[in-house]
Amino acid sequence: MSETRLEKYKKYRQSINEFKSINNEPEFVKERNNSIVSDKMNTTSTLPLEEVLGKIDNEEIEPAPKRVLTRKLLIIMGVCLAGLVLIAGIIIFACYAFGGK
């Protein structure tokens, strides 16, 4: 009878653990010792809650800066305005030319 998926992967995990435990070469032992977390290495960079809340309360809300008209923005606005004037001119011409009575 075939094995179930759970049995198959249970055997697979056991074989991996056996392989890891057999691997006692000097470079792997050194790497394992370097990866152990000690009190000296176990530091966090979290700030105290009071300090964070104090900074939030002390910040003044600055008004949003006014929009600056740049050359690119002026060119885009000019092209749009010219397009609208051209379309309006075509519509007015069409009304007079094709039966504006």
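Residues numbered from 1 in each chain as written. Predicted model: local features only at pLDDT ≥ 70, side-chain atom pairs only at ≥ 80, totals over all residues. Heavy atoms only, no water.

1. What about the overall build of the protein chain?
For step 1, the next point in the chain: Each helix and strand counted, the protein chain has 4 helices and 0 strands in total.
For step 2, the next point in the chain: Along the protein chain, helices (α) and strands (β) appear in the sequence α-α-α-α when read from the amino end.
For step 3, the next point in the chain: In the protein chain, which comprises 101 residues, the proportion classed as buried is 1%.
For step 4, the next point in the chain: Carbon together with sulfur atoms contributes 63% to the accessible area of the protein chain, which is approximately 10700 Å² in total. (Helix = DSSP H or I, 4+ residues; strand = E, 2+ residues; numbered from the N terminus. Buried < 20%, exposed > 50% of the residue type's maximum accessible area, 1.4 Å probe, protein only. Areas by Shrake-Rupley, 256 points an atom, 1.4 Å probe, with all protein chains shown as cover.)

2. Concerning the packing of aromatic side chains
For step 1, the next point in the chain: For the coordinates displayed, the defined rule picks out 1 aromatic pair.
For step 2, the next point in the chain: Residues Tyr9 and Tyr12 carry aromatic rings whose centres are separated by 6.5 Å and whose planes lie at 90 degrees to one another, so their mutual orientation is edge-to-face. With Tyr9 and Tyr12 both in helix 1 (residues 5–22) and 3 residues apart, the pair spans about one turn of that helix.
For step 3, the next point in the chain: Note on Tyr9: relative accessible area 40%, which makes it partly exposed. (Phe/Tyr/Trp six-rings, centres within 6.5 Å; stacked < 30°, edge-to-face > 60°.)

3. Description of a nonpolar patch on the surface
For step 1, the next point in the chain: A grouping of Tyr9, Tyr12 and Ile16 is seen on the molecular surface, where their side chains present a nonpolar patch of about 290 Å² in accessible area.
For step 2, the next point in the chain: Residue Ile16 is classed as partly exposed on the basis of its relative accessible area, which comes to 30%. (Patch = residues over 30% accessible without salt bridge, like charges linked within 9 Å, V, L, I, M, F, W, Y side chains within 5 Å. Salt bridge = Lys/Arg side-chain N within 4 Å of Asp/Glu carboxyl O.)

4. Observations regarding the confidence of the model for the protein chain
For step 1, the next point in the chain: For the protein chain, per-residue confidence averages 77 on the pLDDT scale, and 70% of positions sit at 70 or higher.
For step 2, the next point in the chain: Ranking the helices and strands of the protein chain by mean pLDDT puts helix 4 (residues 71–97) first, with 94, and helix 3 (residues 49–58) last, with 67. (pLDDT = per-residue confidence, 0-100.)

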